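Take a look at the letters that make up each chain.
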Amino acid sequence: MKPEIETLLNNQVKYEANASMHYMAMASWADANGYNGIADFFYTHSEEERQHMIKLVKFINERGGNAEIPALEKPKSDFSSLNELFEDFLSSEEFVTQKINEIIFECLQHKDYNVHNFMQWYVSEQLEEEAMARSILDKLTIIGDDKTGHYIFDRDIMSFINTQEDTQQ
Ligand code: OFO
């Protein structure tokens, strides 16, 4: 594996780890503010991001590289509204997508089709996650400041994820 690609993959390990911690902080905020459904949503996503990190670590080592386990950034832990929470979720996903696209670009420059092929899984995952974040923000726009709407949104958010997963099968 080219050193440039190994560096980008190791950076990606850090971005996935940071996303995991970021979503853990979001889950904790939701928990502390009485939004148990939203907390479950972010605890689940935090764990998914951790799995994405592990998948990269294993791949780098299997390809003869050296995976580096990064120090973590302290995530933002306070949010003024559900809108801010989910806007941050979308921005985080957009950032990760951009970084994955940079890896894909570098793979094509170096004709590394093996890494390119491996990264296609991440490309699909990002498409799904960004679509989900946008759908959730659309729902929050419809609900506006209605407290009953927030209550129902919190109660139903996990079934919304299950519906998304069903349509992806
Ligand atoms: Fe790792 O899937 Fe989104 O960020």
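Residues numbered from 1 in each chain as written. Predicted model: local features only at pLDDT ≥ 70, side-chain atom pairs only at ≥ 80, totals over all residues. Heavy atoms only, no water.

Points about the layout of surface pockets
Stated formally: Only protein atoms enter the calculation, which uses a 1 Å grid: trapped sets of points that fit a 1.4 Å probe without letting it out are cavities, open sets showing protein on both sides within 12 Å along at least five of seven lines are pockets, and any residue with an atom within 4 Å of a point is a lining residue. Grid points are joined across faces, edges and corners, and a volume is the space filled by probe spheres set on the points. Only DSSP runs of H or I with at least four residues qualify as helices, and only runs of E with at least two residues qualify as strands; both kinds are numbered from the N terminus onward. Charged means Asp, Glu, Lys or Arg here, nonpolar means Ala, Val, Leu, Ile, Met, Phe, Trp, Tyr, Cys or Pro, and polar covers whatever is left, Gly included.
In this structure, the largest pocket spans a volume of roughly 230 Å³. Around the largest pocket sit Tyr-15, Asn-18, Ala-19, His-22, Glu-73, Lys-74, Pro-75, Lys-76, Ser-92, Phe-95 and Val-96, which together line it. Of all the elements in the fold, those that place two or more residues in the lining of the largest pocket are helix H1 (3–32) and helix H3 (82–109). Ranked by the residues each element gives to the lining of the largest pocket, the list is headed by H1, at four residues. Its residues assigned to classes, the lining of the largest pocket shows five nonpolar, three polar and three charged.

With respect to unusual backbone geometry
Our working definition: Per-residue accessibility, obtained with a 1.4 Å probe over protein chains only, is compared with the maximum for each type, and a residue is labelled buried under 20%, exposed over 50%, and partly exposed between these values.
The backbone of Lys-111 shows a phi angle near 55 degrees, a positive value even though the residue is not glycine. Its place among the elements puts Lys-111 in the loop between H3 and helix H4 (113–143). Since its relative accessible area comes to 58%, Lys-111 is described here as exposed.

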